[in-house]
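Remarks on the overall topology
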Amino acid sequence: TETAPVISANRPSRIKIKTVGPPCIGVEVKLSDDGEILVRGELTMQGYWNNPEATSETLRDGWVHTGDIGVLHDDGSLEITDRKKDIIVLSGGDNVSPQRVESMLTYEPEVVQAMVYGDRRPHLVALLVPDADFSRSWAGDHGKPMGLATLVTEPDFHKALRQVVERANAKLSNLEQVRRFIIVDEPFTTENGLMTPSLKIRRHKIKEIYGDRLEALYARGLSSPS
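Sequence positions are assigned chain by chain, starting from 1 and proceeding in written order. Confidence filtering applies because this is a predicted model: local features only for residues at pLDDT of at least 70, side-chain atom pairs given and counted only at 80 or more, and all residues used for totals across whole chains, interfaces and linings. Heavy atoms from the whole structure form the basis of all side-chain values; hydrogens and water molecules are not counted.

1. Side note on unusual backbone geometry
- Following alanine 4, the chain continues to proline 5 via a peptide bond in cis, the omega torsion being 5°.
- Per the convention used, a helix needs a DSSP run of H or I reaching at least four residues, while a strand needs a run of E reaching at least two, with both numbered from the N terminus. Here proline 5 is to be found in the segment before β1 (28-31).
- In this structure, lysine 18 takes a positive phi of about 80° despite not being glycine.
- As for its placement among the helices and strands, lysine 18 is situated in the segment before β1.
- Unusually for a residue other than glycine, asparagine 50 sits at a positive phi of about 55°.

In structure tokens form, the structure reads like this:
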């Protein structure tokens, strides 16, 4: 609503998948040094009602700071890649989009949900929720109990998922690669409060539950089950 009604759109004759198209006529778009999408033009708001502090944070020199992270392609198309507040800053100062890494992990059929972690840490670790069908099939093939609660501590099951993570890592840059992970047997749902009604993961809630175990990964070996 701060930049209503529309910033950019794919034209019927010029559609570029994964992008939200080039800016509309009269709309200026640029990226800040940290990749945040900034917008200027007659479409932008003049400020928040009776809230000068919020206005000064969002509207600077006529540019609305959207809070979204993006990429401007050479042809002018805009791609939105993440929310700024979700960006992970590694200990070396490099920025990593967690949603991109998580999408690569969950693209693998053996992983149904994932959350990556590593703010101010040297590399990324992850929390994985395995696909139920894959887990049952693996347990049957290896003569193990079917319950995921038992499998999450099974070393061989962890090794099987390590191969899955390595497949995902092959599609990611070195900074984006997941070095270690834990497996959990409870999916993220709205019922347990780990997902929003719009089906986005609640990172702060997940960290409250699993933060200690994720932190412990930084002192463990690559193939240690957790």
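2. Examining the confidence of the model for the protein
- For the protein, per-residue confidence averages 92 on the pLDDT scale, and 97% of positions sit at 70 or higher.
- Note: pLDDT gives the predictor's confidence per residue, expressed from 0 to 100. In what follows, a contact means two residues having at least one pair of non-hydrogen atoms within 4.5 Å. Across residues 222-226, where pLDDT falls below 50, the model places 18 contacts with residues more than four positions away in sequence or in other chains.

3. As for the side chain of glutamate 176
- Along the chain, glutamate 176 falls in the loop between α5 (155-169) and β10 (178-183).
- For the exposure calls, accessible area comes from a 1.4 Å probe over protein chains only, and a residue counts as buried if that area is under 20% of its type's maximum, exposed if over 50%, partly exposed in between. We classify glutamate 176 as buried; its relative accessible area is 11%.
- Within 3.5 Å is the distance limit for a polar contact, defined as a pair of N or O atoms, with the added protein rule that one can donate a hydrogen and the other accept it, and that residues adjacent in sequence qualify only through two side-chain atoms. Reaching out from glutamate 176, the side chain makes a polar contact with the side chain of arginine 100 at a distance of 2.7 Å.
- Polar contacts involving the side chain of glutamate 176 include one to the main-chain amide nitrogen of serine 173, which spans 3.0 Å.
- Setting aside its immediate chain neighbours within four residues, glutamate 176 contacts Val96, Arg100, Val101 and Leu124.

4. Describing the packing of aromatic side chains
- Stacked, tilted and edge-to-face are the three classes assigned to paired rings of Phe, Tyr and Trp, where Trp is represented by its six-membered ring and a pair needs centres within 6.5 Å; plane angles under 30 degrees give stacked, over 60 edge-to-face, the rest tilted. Enumeration over the complete set of coordinates arrives at two aromatic pairs.
- Summarising the aromatic geometry, the rings of tryptophan 138 and phenylalanine 157 are spaced 5.2 Å apart at their centres and angled 65° between planes, so their arrangement reads as edge-to-face. Of this pair, tryptophan 138 sits in helix α3 (residues 132-141) while phenylalanine 157 sits in helix α5, placing them 19 residues apart in sequence.
- In this arrangement the basic side chain of arginine 121 is found over the ring face of tyrosine 218, its NZ or CZ atom lying 4.1 Å from the centre. Two conditions define a charge sitting above a ring: the NZ of Lys or the CZ of Arg must be within 6 Å of the ring centre, and it must be within 35 degrees of the ring normal.

5. Re the pattern of salt bridges
- Just to be clear on terms, a salt bridge is a Lys or Arg side-chain nitrogen sitting within 4 Å of an Asp or Glu carboxyl oxygen. Inspection of the entire model under this criterion finds 16 salt bridges.
- Residues glutamate 176 and arginine 100 are paired through a salt bridge, measuring 2.7 Å at the closest nitrogen-oxygen approach. With glutamate 176 in the loop between α5 and β10 and arginine 100 in helix α2 (residues 98-107), this residue pair connects regions lying 76 residues apart in the sequence.
- For arginine 100, a relative accessible area of 34% puts it in the partly exposed group.
- A salt bridge links arginine 136 to aspartate 133, with the shortest nitrogen-to-oxygen separation between them at 2.4 Å. With arginine 136 and aspartate 133 both in helix α3 and three residues apart, this pair spans about one turn of that helix.
- Take arginine 136: its relative accessible area is 43%, and that puts it in the partly exposed class.

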